[in-house]
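Spelled out, the chains give:
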Amino acid sequence: MALRFYNTLTQRIEDFTPQQGNVVRMYTCGPTVWNYAHIGNLRTFTFVDILRRWLRCRGYQLDHVMNITDVDDRIIQQAMAAGKSLSEYTDVYTRAFLEDAETLRLERPEHLVKATEHIQDMAEAIKRLSEKGYTYESDGSIYFRIANFPEYGKLSHTDFSGIRAGARVDTDRYDKENARDFALWKAPKEGEPSWQTVIGPGRPGWHIECSVMAMKYLGETLDIHGGGIDLTFPHHENEIAQSEALTGKPFARYWLHSEHLIVEGQTMSKSLGNFFTLRDLLERGHAPEAVRYLLASVPYRKKLNFTMDSLRSAETAIERLRNFKLRLDTGSFPEGTSEALLERTRQANASFEEALDDDLNTAEALAAAFEFVRDANSAMDAGQFLAGNTAPALDFLARFDSVFDVLRPSRKDTGLSDSEIEKLIAERDRARKARQFARSDEIRSYLLERGVILEDTKEGTRWRRK
Ligand code: AMP
Ligand code: ZN
């Protein structure tokens, strides 16, 4: 079956095809750099990464824009409180975000664009909206008149027709109950940053940032627009209103939204003490690959309940995969090729692909991989896995890892050469044969502390770096 996604706009699963050739023009909302990204934010960005990687596996080329929101209400508040300029304040968190993204192996979009570098474009767009009669001014701020855009509400499937004309909202983040005409442009205020533009001094609202940057780089109609579920309203609804009012064309064809991450069944919050950044988890000794695995493992339209237990399970799951790969890399298997196992490998590949084609069902894709690992391991134990089955099995693992990207360890090893490791393993073998188990355990722990993992098998001791 074809690649298909759930489209929030139509509320249906739809086959996916780009507008032109095999290029996917995609915009996803990036971080607001007012603080470190939390693992909820990172879940959404991991979903985007899996989406990118699977589109590429399916032969598409990506033209993907992600913004960095480096001016908005929250940032201004925080920067002012810290006595810093906007850029002094946001540089720290922009850098931290890029580091976190790299640690989690999130691919860089083709264009990573900052709101503050597109202020004039935004002012121009607001000017055109005004010329078309979609705006009005009040106290130096400019508002979008939603009554003039009758389709307002089509993404969040809400009827806003009863809203009182002229009622306004100044904050960018508000809920459906507070739906009003929203600010495109905010009047300058004492102590706040502002820009001189064709529409006068001030600063943009959050929503216009994304409309303008998306269309600047990708054209008037995007193939995919994505973000976390909370952005559906008002942010994406407002993006549609602004963009479609400007162009008269559909703004995006497929709208993909990922569900939230919660922690131990509860909304994450600092006051509940269940709020984590990636850095918090790494400090507790968790590997970035385990965090990546966990964030990717739950299909994106389901809530992800993050628990320390599930993080440990992710670690165990990665271990299993790595041990299997080690076995494939180092095991010696009887000559020949088992047709049955070749067929089993093809079937694993097909199930893996069908799962991801099915609206990125990562849980099913992982299940396909683990069932294959289990069957191949049993075949190895029974002496039925033959040398000719190694390359197809490794190919399957490589395809798996081009999406999940968890096999390569990210911890640096601590400086033991291969021959030093092998000497220690030989010494440990001698100790074990002489029943000096205290010594053999000591060597195992010594190696483990240096990131070397031993596995005793019928064919002898195998080792690998963590
Ligand atoms: P922000 O930096 O607040 O603009 O958010 C960045 C992204 O994280 C947006 O796509 C949000 O929808 C998303 N997001 C915020 N909270 C969560 C959460 N608890 N779980 C998953 N995604 C979230
Ligand atoms: Zn956005």
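Residues numbered from 1 in each chain as written. Chains lettered and ligands numbered in written order. Predicted model: local features only at pLDDT ≥ 70, side-chain atom pairs only at ≥ 80, totals over all residues. Heavy atoms only, no water.

A.B. asks: Describe in detail the overall build of the protein, supporting the description with residues and values.
C.D. replies: Scanning the protein from terminus to terminus reveals 14 helices and 17 strands. With the C-alpha coordinates of the protein rotated into their principal frame, the extents come out at 90 × 50 × 35 Å. Within the protein, buried positions represent 53% of all 466 residues. Across the protein, every contact between residues at least 6 apart in sequence was considered, and the portion connecting residues at least 24 apart equals 76%. Surface exposure of the protein reaches about 20,900 Å², of which carbon and sulfur atoms provide 48%. Charge separation in the protein, taken as the distance between the mean sites of 63 positive and 72 negative side-chain charges, equals 3 Å. (Helix = DSSP H or I, 4+ residues; strand = E, 2+ residues; numbered from the N terminus. Buried < 20%, exposed > 50% of the residue type's maximum accessible area, 1.4 Å probe, protein only. Contact = heavy atoms within 4.5 Å. Areas by Shrake-Rupley, 256 points an atom, 1.4 Å probe, with all protein chains shown as cover. Lys, Arg positive; Asp, Glu negative; His and termini not counted. Charge placed at Lys NZ, Arg CZ, Asp CG, Glu CD.)

A.B. asks: Give a detailed account of the side chain of histidine 286, specifying residues and quantitative values.
C.D. replies: Tracing the chain through its elements places histidine 286 in the loop between helix 7 (278–283) and helix 8 (288–297). With a relative accessible area of 10%, histidine 286 lands in the buried category. Within polar-contact distance, the side chain of histidine 286 engages the side chain of glutamate 315 at 2.9 Å. (Polar contact = N/O pair within 3.5 Å; in protein donor to acceptor, adjacent residues only side chain to side chain.)

A.B. asks: I'd like a description of the nonpolar core, backed by residues and values.
C.D. replies: Ranked by internal contacts, the top residues of the largest apolar core, which has 125 residues, are Leu55, Phe144, Ile224, Phe306 and Phe352. Of all the elements, helix 11 (residues 362–381) adds the most residues to this core, at 10 residues. Both of domain 1 (19–258) and domain 2 (270–404) provide at least three residues apiece to this core. Setting aside anything within four residues of it in sequence, one finds phenylalanine 144 in contact with Leu129, Tyr134, Phe149, Asp181, Phe182, Leu184, Ala241, Gln242 and Ala245. In terms of nonpolar packing, the next biggest core, distinct from the first, is built from 9 residues, Ile421, Ile425, Val452 and Trp463 among them. (Core = buried A, V, L, I, M, F, W, Y, C linked by side-chain atoms within 4.5 Å. Domains from an automatic or database assignment.)

A.B. asks: How would you explain helix 13 (residues 418–433) if you had to name every residue and give the values?
C.D. replies: Its 16 residues place the ends of helix 13 23 Å apart at the C-alpha level, agreeing with the 22 Å of an ideal helix rising 1.5 Å per residue. When we look at burial in helix 13, the residues that qualify are Ile421, Leu424, Ile425, Arg428 and Ala431. Angular distribution of buried residues about the axis of helix 13 spans 115°; they occupy a single face of the element. For helix 13, exposure combined with an orientation more than 90 degrees from the buried face picks out Lys423, Arg430 and Lys433. Each element contacted by the buried residues of helix 13 is listed here: helix 14 (437–449), strand 16 (452–457) and strand 17 (460–465). Directly after helix 13, the chain includes arginine 435, whose backbone phi takes a positive value near 55°. (Expected span 1.5 Å × (residues − 1). Arc of directions from axis to C-beta.)

A.B. asks: Go over the site of ligand 1 with me, naming the residues and quoting the values.
C.D. replies: Near ligand 1 there are 17 residues, and of these Thr32, Gly40, Thr44, Asp230 and Leu261 occur at the shortest range. Side-chain polar atom of asparagine 41 to an oxygen atom of ligand 1: 3.0 Å apart, as the coordinates give it. At 2.4 Å from an oxygen atom of ligand 1 is found a side-chain nitrogen or oxygen belonging to aspartate 230. Isolated, ligand 1 exposes 500 Å² of accessible area, and the fraction of that covered by the protein chains is 90%. Among the secondary structure elements, those contributing two or more residues to the shell around ligand 1 are helix 1 (39–57) and strand 12 (222–228). Among the elements that take part in the shell around ligand 1, helix 1 stands out by supplying 4 residues, more than any other. Its residues placed into classes, the shell around ligand 1 shows 4 nonpolar, 9 polar and 4 charged. (Near = heavy atom within 4 Å. Nonpolar A, V, L, I, M, F, W, Y, C, P; charged D, E, K, R; others polar.)

A.B. asks: Talk me through the packing of helix 8 against helix 11; I want residue IDs and the actual numbers.
C.D. replies: Between helix 8 and helix 11, the least distance of the axes is 8 Å, while the angle of their chain directions is 120°. One way to sum up the angle between helix 8 and helix 11 is to call them oblique. Residues Tyr293, Ala296 and Ser297 of helix 8 form the contact with helix 11, whose own contacting residues are Thr362, Ala363, Leu366 and Phe370. Per-class residue counts for the contact of helix 8 with helix 11 are 5 nonpolar, 2 polar and no charged. (Axes fitted to C-alpha atoms, helices over the stretch in contact; angles between N-to-C directions. Parallel < 35°, antiparallel > 145°, perpendicular 65-115°, else oblique.)

A.B. asks: Residues and numbers for the coordination of the zinc ion (ligand 2), please.
C.D. replies: All of the protein donors around the zinc ion (ligand 2) are Cys29 (SG), Cys210 (SG) and His235 (NE2); their distances to the metal are 2.0 to 2.2 Å. Between consecutive donor residues of the zinc ion (ligand 2), the sequence gaps follow C-x180-C-x24-H. Here cysteine 210 lies in helix 5 (residues 206–218) and cysteine 29 lies in the loop between strand 3 (23–28) and helix 1, a separation of 181 residues in the sequence. For cysteine 29, a relative accessible area of 7% corresponds to the buried category. The exposure class assigned to cysteine 210 is buried, which follows from its relative accessible area of 0%. (Donors = N, O, S within 2.8 Å, 3.2 Å for Na, K, Ca; no water.)

A.B. asks: Give a detailed account of the domain arrangement of the protein, specifying residues and quantitative values.
C.D. replies: For the protein, the assigned domains read domain 1 (19–258), domain 2 (270–404) and domain 3 (418–465). Centre-to-centre separation of domain 2 and domain 3, based on C-alpha positions: 26 Å. Contacts between the two partners involve 7 residues from domain 2, matched on the other side by 6 residues from domain 3. Counting the surface lost from both domain 2 and domain 3, the interface buries some 640 Å², and carbon and sulfur atoms represent 44% of this. Area buried by domain 2 at its contact with domain 3 is led by Asn323, Leu326 and Arg327, which between them contribute 56% of it. Where domain 2 touches domain 3, the interface holds 1 salt bridge. (Buried area = accessible area lost by both parts, 1.4 Å probe. Salt bridge = Lys/Arg side-chain N within 4 Å of Asp/Glu carboxyl O.)

A.B. asks: So, unusual backbone geometry: which residues are in play, and what are the values?
C.D. replies: Cis geometry is found at the peptide bond from phenylalanine 233 to proline 234, where omega equals 0°. Here proline 234 is to be found in helix 6 (residues 232–247). The phi dihedral of aspartate 405 is positive, around 50°, even though this residue is not glycine. Summarising the element assignment, aspartate 405 is placed in the loop between helix 12 (390–404) and helix 13. Judged by its relative accessible area of 11%, aspartate 405 falls in the buried class.

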